[in-house]
Amino acid sequence: MRQASAAYAGDEIIKSRKDTTMKMKMIAPPVPNVPWQEKPEGIVNAPIWRYDENPVVGRNPSENVARIFNSAVMPYGEAFIGVFRGEQTNGVPHIYLGRSEDAIHWAFDKEKIPFVDADGNPAMPHYAYDPRLVKVEDTYYIIWCQDFYGASIGLAETKDFKTFTRLESPFIPYNRNAVLFPRKINGNFVMMSRPSDSGHTPFGDIFISESPDMVYWGKHRHVMGRGHAWWESVKIGGGAAPIETSEGWLLFYHGVSGTCNGFVYSIGGAILDLENPSKVLYRCENFILTPEEWYEERGFVPNVIFPCATIHDPDSGKIAIYYGAADSYVGLAFCYFEEIVEYIKEYSKVNEMDTELGKR
């Protein structure tokens, strides 16, 4: 009888987990043509796998551009569009527009994105790198790092990917790794950023700020600090735009460790409270993805995986993660929503600073 009861109890636990998983969902428009490759056998540790034809963008991808990496893409109509960090052959980074039918094979505009001011006059940044692309309501926002008498955040908006209008810089120097949440929260735009210094910052936590109009920013809150785990013990920073889900905001971010041979950048995973995203509900103590393949370990800056975007389909639960690799390439990885959320929860380890509302 004890064995039968134990077996029954085990069945009930399995059934309960299946029921819980089935109730999980991403809250986003469907993307039936999300780029995808089925999960191979033999995956251990985090339930994520790389596209076996990586990198999807290689070196010298277009005229006068030596490398493209740390770039953001999203669905647009029946196809896909993206903003790409193009390292020019003179070494200065700028942002280029790219288009694709399948989100794997990309064609890039020859010229840099022609930013203008509110009056339609040319307003090009001195340099621009690590862009993110987020749609909020009916407007697409491009967010990048630029020179504002020191490293800070640049912003622009477009509705048609023909006119790109610069907005006011949201923060004074020094700041990097800014990304918008894809909807307003409590009536305000919300932006994630990582205050820094003027160099390769040996510190850094994630903060959020709010704005009623994309001009004036305040209500700054601390979200997460660098982790206790070695892979994120130096600094952390925002990655892809958070994904709204029934469990909270699913966040893929980057964490940095220090070694005797320099920094190593990996991808981490966390889940934030939907209405108070400065509160961390779950934070995976393990990395989700770390440099292992040749295009991640060898390049202009070796040992870097830097997430900047996802394409995700709520109907199938498929998530495609785009990341910069070794400051030289664009890589693509895949996971199932339910599996990655379960993994983050199973290996979650949060501290008091994570779970508080980030206000002192």
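Small disclaimer: the values here were computed from a predicted structure and weren't measured.

S.K.: Can you walk me through the overall build of the protein in this structure?
M.R.: Looking only at helices and strands, the protein features four helices and 22 strands. Relative to the compact-globule value of 21 Å for 360 residues, the protein shows a C-alpha radius of gyration of 20 Å, a close match. Viewed in the frame of its principal axes, the protein has a C-alpha envelope of about 80 × 45 × 45 Å. A buried classification covers 54% of the 360 residues belonging to the protein. A fraction of 54% describes how many contacts in the protein between residues 6 or more apart in sequence connect residues 24 or more apart. Accessible area of the protein: about 16300 Å², with a carbon and sulfur share of 51%.

S.K.: Sorry, what's going on with the nonpolar core here?
M.R.: A general trend in soluble globular proteins is that nonpolar side chains are found buried together. With 41 residues, the main nonpolar core has Leu133, Ile142 and Tyr322 as its most contacted residues. Secondary-structure elements contributing two or more residues to this core are strand 2 (65-76), strand 3 (79-88), strand 4 (93-100), strand 7 (128-136), strand 8 (139-147), strand 20 (305-313), strand 21 (318-325) and strand 22 (329-336). Element by element, the count of residues in this core is highest for strand 2, at five residues. Other than its neighbours up to four places away in sequence, isoleucine 142 contacts Val83, Ile95, Ile113, Phe115, Pro131, Arg132, Leu133, Gly154, Leu155, Ala156 and Phe164. Judged by nonpolar contacts, the second largest core, of 32 residues, contains Phe189, Ile206, Val223 and Met224.

S.K.: Help me understand the pattern of salt bridges in this model?
M.R.: It is possible for side chains bearing opposite charge to pair when their charged atoms get close. Inspection of every chain in the model, using the stated rule, returns 15 salt bridges. Note that lysine 345 is salt-bridged to glutamate 247, the shortest N-O span being 2.6 Å. Of this pair, lysine 345 sits in helix 3 (residues 337-346) while glutamate 247 sits in the loop between strand 16 (243-245) and strand 17 (248-259), and the two are 98 residues apart along the sequence. Among the residues examined, lysine 345 registers a relative accessible area of 21% and is labelled partly exposed. Salt bridges linked by common partners bring Arg50, Glu292 and Glu296 together as one network.

S.K.: How should the packing of aromatic side chains be read in this particular structure?
M.R.: What characterises a pair of aromatic rings is the spacing of the ring centres plus the angle enclosed by the ring planes. Enumeration over the complete set of coordinates arrives at 24 aromatic pairs. Pairing phenylalanine 115 with phenylalanine 164 gives two aromatic rings, centres 6.3 Å apart and planes at 75 degrees, and the pair type is edge-to-face. Residue phenylalanine 115 is found in strand 6 (residues 115-116), and its partner phenylalanine 164 is found in strand 10 (residues 164-166); the two are separated by 49 residues along the sequence. Like phenylalanine 164, phenylalanine 115 is buried. By way of ring pairs, the aromatic residues Tyr76, Phe115, Tyr140, Trp144, Phe161 and Phe164 are connected into one cluster. When the ring centre of phenylalanine 300 is taken as origin, the NZ or CZ atom of arginine 67, which lies over that ring, is 3.8 Å away.

S.K.: What's the story with the sheet that holds strand 1 (residues 49-50) in this structure? I'm lost.
M.R.: Sheet strands associate in pairs through backbone hydrogen bonding, adopting either a parallel or an antiparallel arrangement. Spatially, the four strands line up as an open sheet ordered 1-22-21-20, and their pairing is antiparallel. Both edges of this open sheet fall to strand 1 and strand 20, since each of them pairs with a single strand only. The pairing of strand 20 with strand 21 spans eight bridges and is antiparallel. Paired with alanine 309 across the two strands is tyrosine 322, which belongs to strand 21. Taken strand by strand, helix 3 contacts strand 21 and strand 22, and its axis lies near 85 degrees from that of strand 22.

Parameters and conventions
- Residues numbered from 1 in each chain as written.
- Predicted model: local features only at pLDDT ≥ 70, side-chain atom pairs only at ≥ 80, totals over all residues.
- Heavy atoms only, no water.
- Helix = DSSP H or I, 4+ residues; strand = E, 2+ residues; numbered from the N terminus.
- Rg over C-alpha atoms; globule rule 2.2 N^0.38 Å.
- Buried < 20%, exposed > 50% of the residue type's maximum accessible area, 1.4 Å probe, protein only.
- Contact = heavy atoms within 4.5 Å.
- Areas by Shrake-Rupley, 256 points an atom, 1.4 Å probe, with all protein chains shown as cover.
- Core = buried A, V, L, I, M, F, W, Y, C linked by side-chain atoms within 4.5 Å.
- Salt bridge = Lys/Arg side-chain N within 4 Å of Asp/Glu carboxyl O.
- Phe/Tyr/Trp six-rings, centres within 6.5 Å; stacked < 30°, edge-to-face > 60°.
- Lys NZ or Arg CZ within 6 Å of the ring centre and 35° of its normal.
- Pairing = 2+ DSSP bridges.
- Axes fitted to C-alpha atoms, helices over the stretch in contact; angles between N-to-C directions.

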